[in-house]
Amino acid sequence: MARRRKKKLNWFRLFSLLVLLAVTFVVAAGAGAVIYSLKDLPAFDPQKLTGDSSTLIYDGQGKLITEIGSQYRVPVKLGEVPLEVQNAFLAVEDSRFYDHRGIDFRGVLRALRNNFTKRGIYEGGSTITQQLARNCFLTQERSWKRKIQEAVLALAIERHYTKQEILEAYLNHVYFGTGAYGIQAAARIYFNKEVSQLTLKEGALLAGLVQAPSAYAPFENPAAARQRCDQVLDAMVRHGFLEANRAQALKEKPLELHPGATGSGVTGTYFVDYVTEQLVERYGADRVFREGLRVYTTMDPQIQAVAEKVFNQPQNFPASVADKQGVVQPQGAVVILDPQTGSILALVGGRGQPMVRQGFNRAVHARRQPGSAFKPLIAYAPAIEFLGHSPATVYDDIPVRFGSYEPRNHDGRYRGLVTLRTALALSINSVAVQLLNKVGVDQAVAFVARLGIKLDPARAQLGIALGGLDEGVTPLQMAQAYAALANQGQLAPATAILRVETRTGAVLEERRVQPLQVMKPTTAYLVTDMLRSAVEKGTGQNARLGSRPVAGKTGTTDEGKDVWFCGYTPELVGVVWIGYDQPRPMKSEFGGGKPALIWRQIMAEALKSSPAKNFARPPGIVSATVDGKSGLLPGPLTPPEDLVTDLFAEGTVPTQADDTRVLVDVCAISGLLATEHCPEKVTKVLIKRPYQVPPFVEDYRLRVPTASCNLHQQPSPPPSPPSSLDQGQERSTDHAGRKDRRSPLRLSPSPSLGMAEPAPRRN
């Protein structure tokens, strides 16, 4: 049987089969990879292309203060980016950007060859569109899966947007290092300028950062940054975007960096924190930190800078102390606002910069005891508003008790009968408590509620007259309340925000000043005039500004744990507080000391270009002269030195003449009421009150004695005949020159006490 011939191997067919199998395998593997990659492909959301944007905060002059956001990004239109700067990015990142449809297959093949040679993924061949897809939808992970997803998303982007829109979105998203997202943020950080002002060399440096921001960081590695900048210029020449001779000239030109502020260490950090807090309350954190709002504030940059400068001077504060936790320094806060509009012009919530953004801001978060700074609001203004009192109304500065409560004057002195003007100027505690008692706690609490200070009526006691509050008040609350006194009784709510817009310009809110009349204009003016006396010759003398009218009140709590000065001019209101975060005594500190000095430093600088002017006097204010010991019209026995001319609201001038002064015969030896047995009597003009005061009250000897003389109980021997030397001489006389007529005791009818109660004072 014949053997079969062996068939010859067809190498061509074998090779073709192997190629077919390989291609099939590659296609199947590729299809599988694509299917696998598409399983968790992020949904294409055009909103993500806009990205997170920083909210921009501007001062009262329309200048940018800072940006806040999850990323420091300030979107700009493509037209704001110089054309040659755009070309620098195209040259180094995607020279065929305007020719491809999202994927540049030439670039992909080049990347595949380089990655195969280096045995790894070192080059992606990504177009600008692909980079945008990665930045907006994906992570920075290096994998084939991410590259496939990137390509698919790039094709979707190209279908939805024009090339100009894609390039604009890319320039607004790409990261440039040092926390800068987008070309506008980078221009500000590296050159402190707007993107429209960038030169070509500056643009080339920024374009070079995209590949590796940390490796080419200009501040940390300037040599590498310059070398990379030159590479970008060479790429521009290679792709026809730039002439070689100009590129060479640019390389020889030095690169000048001008670091710009990005929100850290800028003026107004505490102010910005307060604004941010308000924005988050109204719009939510996500919108504030991601949607790029435009916020126009009330901040006066000059006054803010002055306030921060003064607060950074250690000599303006008590010395730091050491304890178990280390060295602790006294803290402070200041608020300056415009009383007519309520605009907060400056706000400092502590010494130095805050430890963290949106941390503890003492100007708005610290609720502290206001001490005597609360007296004008809770006692004096309500007494004038509701009781018809005036600065010349007289109260008795004597020890008083209300149940178990016995307020004491801080210096232990009791001056007796004083006008309200004197009592407020000297910060007499007893009078403030008497006033509140007569006004009524409930009515006074309702009054300060109009000023923005809410107290619990169920827990309020007479001690609130001296600033003894359950929760305390913030410096901002005190500034707003005092602003109503400076603005003729009209309260314009304190605000730091004038207008809020979206990044497209839609107005979300715009403030319109609508002051509310919270007290009579005459009440505000009379309290203001009394507070001028407190500055001119009372406890607030350290706040004087020369001839410029200043009204203000000091506040000092027990042991000096909180010290305040709340003052104002016709133009500005300012409140200064000093104390430790954890209250502790500050020996020898009081409101008229360092707080008043800080207030004066800030106000003197803030008002240096403003001419001095007087507080506007409203209609209904009249002047009258009264007896300074009774507050009534002068009577026949009122001595000239007790005549007081002061201001009154129309209709409150007393109509009754003084009848508290009476002629009284007293024993010339004991000073008590004379009896028939006293050998020598003196007729005096004294003040009759229906109650007894202790001898340490300073005007004790001006009052009618409450006891009769007990030194002379037996009749005195008849006087011897006068000698010739005694002829023609008068008997002893009183201070008014009246002869001792040995007349019986004469007392005028005593008026009702008709007053309130006491409170401490500060000098």
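Everything that follows concerns the structure shown earlier in this document.
Residues numbered from 1 in each chain as written. Predicted model: local features only at pLDDT ≥ 70, side-chain atom pairs only at ≥ 80, totals over all residues. Heavy atoms only, no water.

### Examining the sheet that holds strand β14 (residues 507-510)
Right, so step 1: Read from one edge to the other, the open sheet built from 5 strands follows the order β2-β1-β5-β13-β14, with strand pairing classed as mixed. Each edge of the sheet is formed by a strand with only one pairing partner; in this case those strands are β2 (64-68) and β14. Each neighbouring strand pair of the sheet contributes to a mean axis angle of 15 degrees, computed without reference to strand direction.
Right, so step 2: Relative to β2, strand β1 (residues 55-58) runs antiparallel, the two being bridged by 4 bridges. Within the sheet, the bridge partner assigned to Ile 57 lies in β2 and is Thr 66.
Right, so step 3: The sheet strands contacting helix α11 (residues 269-283) are β1, β2, β5 (294-297), β13 (497-501) and β14, and the helix crosses β13 at an angle near 55 degrees. (Pairing = 2+ DSSP bridges. Helix = DSSP H or I, 4+ residues; strand = E, 2+ residues; numbered from the N terminus. Axes fitted to C-alpha atoms, helices over the stretch in contact; angles between N-to-C directions. Contact = heavy atoms within 4.5 Å.)

### Details of the sheet that holds strand β9 (residues 344-348)
Right, so step 1: Across the sheet, which stays open at both edges, the 5 strands sit in the order β9-β8-β18-β17-β16 with antiparallel pairing between neighbours. Sheet topology places β9 and β16 (551-556) at the edges, where each strand pairs with a single neighbour. If you compare each strand with its neighbour and ignore which way they point, the axes differ by 5 degrees on average.
Right, so step 2: The pairing of β16 with strand β17 (residues 562-568) spans 6 bridges and is classified as antiparallel.

### Quick notes on the pattern of salt bridges
Pairs may arise between side chains of opposite charge once their charged atoms sit close together.
Right, so step 1: A complete count under the given rule lists 27 salt bridges for this structure.
Right, so step 2: Residue Arg 532 pairs with Glu 536 through a salt bridge whose shortest N-O separation is 3.4 Å. One end of the pair is Arg 532 and the other is Glu 536, both in helix α20 (residues 521-537) and 4 residues apart, which spans about a single turn.
Right, so step 3: Taking the relative accessible area as the measure of exposure, Glu 536 reaches 38% and is therefore partly exposed.
Right, so step 4: Connected through shared salt-bridge partners, Asp 627, Asp 642, Asp 658 and Arg 661 make up one network. (Salt bridge = Lys/Arg side-chain N within 4 Å of Asp/Glu carboxyl O. Buried < 20%, exposed > 50% of the residue type's maximum accessible area, 1.4 Å probe, protein only.)

### Here's the deal with the packing of aromatic side chains
Right, so step 1: Taken as a whole and assessed by the stated rule, the structure comprises 11 aromatic pairs.
Right, so step 2: Each ring, one from Phe 89 and one from Phe 176, has its centre 6.0 Å from the other, and the planes form 85 degrees; the classification is edge-to-face. Separated by 87 residues along the polypeptide, Phe 89 in helix α2 (residues 83-93) and Phe 176 in the loop between α6 (163-173) and β4 (180-181) bring together distant segments of the chain.
Right, so step 3: A relative accessible area of 0% means that Phe 89 is categorised as buried.
Right, so step 4: What makes Phe 176 buried here is its relative accessible area of 0%.
Right, so step 5: Taken together, a centroid distance of 6.0 Å and an interplanar angle of 50 degrees make the contact between Tyr 414 and Phe 696 tilted. (Phe/Tyr/Trp six-rings, centres within 6.5 Å; stacked < 30°, edge-to-face > 60°.)

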